[in-house]
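Single-letter residue listing:
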Amino acid sequence: MTAPAPLGLIAELTHRCPLQCPYCSNPLALDTVANELPTEAWLRVLDEAAAIGVLQMHFTGGEPMARRDLPTLIRRAADHQMYTNLITSGVTLTDQAMRGLMDAGIDHIQLSFQDIDPASNDRIGAHPNAFTKKHAAAARIREAGLPLTLNFVIHRANCARVPEMIAFAEAEGAQRLEIAHVQYYGWGLRNRAALLPTRAQLDTSTEVVEAARLRLRNKMVIDYVVPDYHASRPKACMGGWAQRFINISPAGKALPCHAAETLPGFNFPSVTTHSLAQIWESEAFTRYRGTDWMPEPCRSCDRREIDWGGCRCQAFALTGDAGVTDPACELSVDHGLMAAAVVESAEEAPAFIYRRFGALQEV
Amino acid sequence: MHPPLDEAAIPRFGVGMKFRFDSTRDAWIILGPERLFLPDEHAVEVLKLINGTNTVAAIAASLAARFDAPLDTITADIWPMLQGLAASGAVRL
């Protein structure tokens, strides 16, 4: 099945990062700096992206600011009239770096915080003084006249402080606030017992967000992402497999989502050997696109074009088969796996396994 | 419920919002912070008149002249439309 042109391209420029968040969306097997695509390869990807109709470029990582050619890449995307979005931890967003981004034509910056309590923030990211640096970065973004999105990933260690996170975003003049519960793949899945909130914690955070959305209507947009583990229906992961996005890993592997590299039995094409146009219609990208691949209960479900069967990576991570209904769905025969994990969430939280190169050897 | 009509209000695009034509899709689009809007043909005509100085009244008058339609009808149509665009963050009023 062919699809309309992709709307967005997610460029994971590097897996290097000064932070070590235990729920990082990067794969457990991190790409090393020696394997990163060179500048020329990224510039060609940007040219191809514009040519096939990509509208938004998301520069992410790791920490994308670890790449010294970031302004060069942003400038190329801006030259093509693509909307440029930088997703950053902000800890290296100095005045000089900010000027470089502005000169290059950056449109928007999403700045992450790990918590609103500075000590907890610095502990979760395992980076001393990170909160202070991030706070300074928020001021620089605002003073540059850019729209500001603040991102808080929440879990059992910080979700009690959602009211303070919202108040902080208001005070910082954010146009947009993301309150996103951890998604349990890769590092997040590895740390699930330390991170998954109880049902009561989830419900409290949801109530707080819903009340704030009403109060802040027309002032600040709040995007809220809940954990699948307490859901009865899956989310439309990435808006459906290979329907809206192409994700490029630091080494140049093209994926329908950032977690897809974990799926076995795939030959994900590389931008070093394939054009984006070829990639968009490749076997890996078309395998779970649309509804033709669906087994029951998805195939006959009236929500099949709403949630697209949920997340393939979650189906694989929990059941060992990427081609079955996402266990987040209560109609899945595997939905009990979710309930079993929820039981854990009431137990004492173990220590974090921090996301870092070589971390797996320690386990 | 929309706020009462304010004909003197000057609609502006939201911070970080870009309105442009996309030749791949042969359509006008609004690009914003991790958001994308595909305005319908009626909204496109209104959005084309947002320039930082046009008031709601001026936009309505322009459309009324162009489409040879009663000013009251146009005004009654575009005010809720602008409210909807403002609620999405695409436009500020």
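Note that the structure is a prediction, hence the values are computed from the model and not measured. (Residues numbered from 1 in each chain as written. Chains lettered and ligands numbered in written order. Predicted model: local features only at pLDDT ≥ 70, side-chain atom pairs only at ≥ 80, totals over all residues. Heavy atoms only, no water.)

> I tried to follow the overall build of chain A on my own but got confused; where do I start?
If you tally the helices and strands in chain A, you get 14 helices and nine strands. Radius of gyration (C-alpha) of chain A: 20 Å, near the 21 Å computed for a compact globule of 363 residues. The principal-axis extents of the C-alpha atoms in chain A amount to approximately 55 × 45 × 45 Å. Classification of the 363 residues of chain A by burial places 55% in the buried group. By sequence separation, contacts in chain A at least 24 residues apart represent 72% of the contacts at least 6 residues apart. Averaging the positions of the 34 positive and the 41 negative side-chain charges in chain A gives two centres separated by 2 Å. (Helix = DSSP H or I, 4+ residues; strand = E, 2+ residues; numbered from the N terminus. Rg over C-alpha atoms; globule rule 2.2 N^0.38 Å. Buried < 20%, exposed > 50% of the residue type's maximum accessible area, 1.4 Å probe, protein only. Contact = heavy atoms within 4.5 Å. Lys, Arg positive; Asp, Glu negative; His and termini not counted. Charge placed at Lys NZ, Arg CZ, Asp CG, Glu CD.)

> Mind showing me how you'd approach helix α4 (residues 118–125) of chain A here?
All names here are of chain A. Residues Ser120, Asn121, Asp122, Ile124 and Gly125 constitute the buried set of α4. On its buried side, α4 packs onto β4 (108–113) and α5 (130–143). Following α4 by one or two positions, Ala126 adopts a phi angle in the positive range, close to 55°.

> I keep staring at the pattern of salt bridges and nothing clicks. Help me out?
Side-chain pairs of opposite charge can arise where the charged atoms are in close proximity. Under the defined criterion, the tally for this structure stands at 23 salt bridges over all chains. Note that Glu34(B) is salt-bridged to Arg176(A), the shortest N-O span being 3.8 Å. On the criterion of chain membership, the pair formed by Glu34(B) in the loop between β3 (27–32) and β4 (35–37) and Arg176(A) in strand β6 (residues 176–181) is interchain, its members lying in two chains. Glu34(B) sits in the partly exposed class, given a relative accessible area of 24%. (Salt bridge = Lys/Arg side-chain N within 4 Å of Asp/Glu carboxyl O.)

> Would you mind showing me how to read the sheet that holds strand β9 (residues 254–255) of chain A here?
Sheet strands associate in pairs through backbone hydrogen bonding, adopting either a parallel or an antiparallel arrangement. All names here are of chain A. Sheet architecture is open: nine strands sit in the order β7-β6-β5-β4-β3-β2-β1-β8-β9, paired in mixed fashion. In this open sheet, the two strands that pair with only one neighbour each are β7 (221–225) and β9. In the sheet, strand β2 (residues 56–60) pairs with strand β3 (residues 83–88) via four bridges, with the strands oriented parallel. Of the residues in β3, the one forming a bridge with Met57 is Thr84. Of the strands in this sheet, β4 and β5 (148–154) are in contact with α5, which crosses β4 at around 160°. Contacts between helix α9 (residues 199–215) and the sheet are confined to β5, β6 and β7, with β7 contributing the most and set at about 160° to the helix. (Pairing = 2+ DSSP bridges. Axes fitted to C-alpha atoms, helices over the stretch in contact; angles between N-to-C directions.)

> Honestly, the nonpolar core in this entry has me stumped. Any pointers?
General note: in soluble globular proteins, nonpolar side chains tend to be found buried as a group. One finds Leu9(A), Phe59(A), Leu150(A), Phe152(A), Ile179(A) and Leu276(A) to be the most contacted residues of the largest nonpolar core, which totals 85 residues. A total of seven residues in this core trace back to one element, the largest contributor, which is helix α1 (residues 39–52) of chain A. Apart from residues lying up to four places away in sequence, Ile179(A) is in contact with Phe152(A), Ile154(A), Val162(A), Met165(A), Val209(A), Ile222(A), Asp223(A), Tyr224(A) and Val225(A). One finds Phe37(B), Val44(B), Ile50(B) and Ile78(B) within the second-largest nonpolar core, a separate group that totals 24 residues. (Core = buried A, V, L, I, M, F, W, Y, C linked by side-chain atoms within 4.5 Å.)

> Any chance you could explain the pairing of strand β8 (residues 245–248) of chain A here in plain terms?
Taken residue by residue, a regular strand's side chains alternate between the two faces of the sheet. Residue and element names in this part refer to chain A. Where strand β1 (residues 8–12) meets β8, four bridges bridge the pair, whose relative direction is parallel. Bridge assignment links Gly8 to a residue of β8, and that residue is Phe245. Two strands pair when backbone bridges link them, and β8 and β9 are joined in this way by two bridges, in the antiparallel orientation. When the sheet's bridge partners are listed, Ile248 is paired in β9 with Ala254. Taken together, β8 and the strand that follows it, β9, pair antiparallel across an intervening segment of five residues, in which Gly252 is found at a positive phi of about 105°.

> I'm lost on the pairing of strand β2 (residues 18–22) of chain B in this one. Help?
All names here are of chain B. Direction of pairing for β2 relative to β3: antiparallel, over a ladder of five bridges. Along β3, the bridge assignment pairs Phe19 with Ile30. Counting the residues in the hairpin turn of β2 and β3 gives four residues, including Asp26, whose phi is positive at 55°.

> Mind showing me how you'd approach the environment of Leu38(B) here?
Residue and element names in this part refer to chain B. For Leu38, the position within the fold is in the loop between β4 and α1 (41–47). Here Leu38 falls in the exposed class, since its relative accessible area comes to 63%. Measuring from C-alpha to C-alpha, the distance between Leu38 and Ser62 comes to 23 Å, with 24 residues separating the pair along the chain. Filtering out sequence-adjacent residues up to four positions away, Leu38 remains in contact with Trp28 and Ile29.

> How do you make sense of the interface of chain B and chain A when you look at a structure like this?
By a frequent convention, interface size equals the accessible area lost on bringing the separate parts together. With 17 residues of chain B in contact, the opposing surface of chain A contributes 24 residues. Our count for the chain B to chain A interface comes out at two salt bridges. Across the chain B-chain A interface, the total number found is 10 residue pairs in polar contact (both at pLDDT 80 or more). Contributing elements (two or more residues each) for the side of chain B that touches chain A: β2, β3, β4 and α3 (71–88) of chain B. In the side of chain B that touches chain A, the residues fall into seven nonpolar, four polar and six charged. (Polar contact = N/O pair within 3.5 Å; in protein donor to acceptor, adjacent residues only side chain to side chain. Nonpolar A, V, L, I, M, F, W, Y, C, P; charged D, E, K, R; others polar.)

> What's the story with the side chain of Glu36(A) in this structure? I'm lost.
Residue and element names in this part refer to chain A. Residue placement: Glu36 occurs in the loop between β1 and α1. Glu36 sits in the buried class, given a relative accessible area of 11%. In contact with Glu36, other than residues within four places in its own chain, are Leu13, Thr14, His15, Arg16, Arg67 and Pro250.

> Would you take a moment to explain the sheet that holds β2(B) for this structure?
Residues and elements named next belong to chain B. Reading across from one edge, β2-β3-β4 is the order of the three strands in this open sheet, with antiparallel pairing throughout. Each edge of the open sheet carries a strand with a single partner, namely β2 and β4. If you compare each strand with its neighbour and ignore which way they point, the axes differ by 30° on average.

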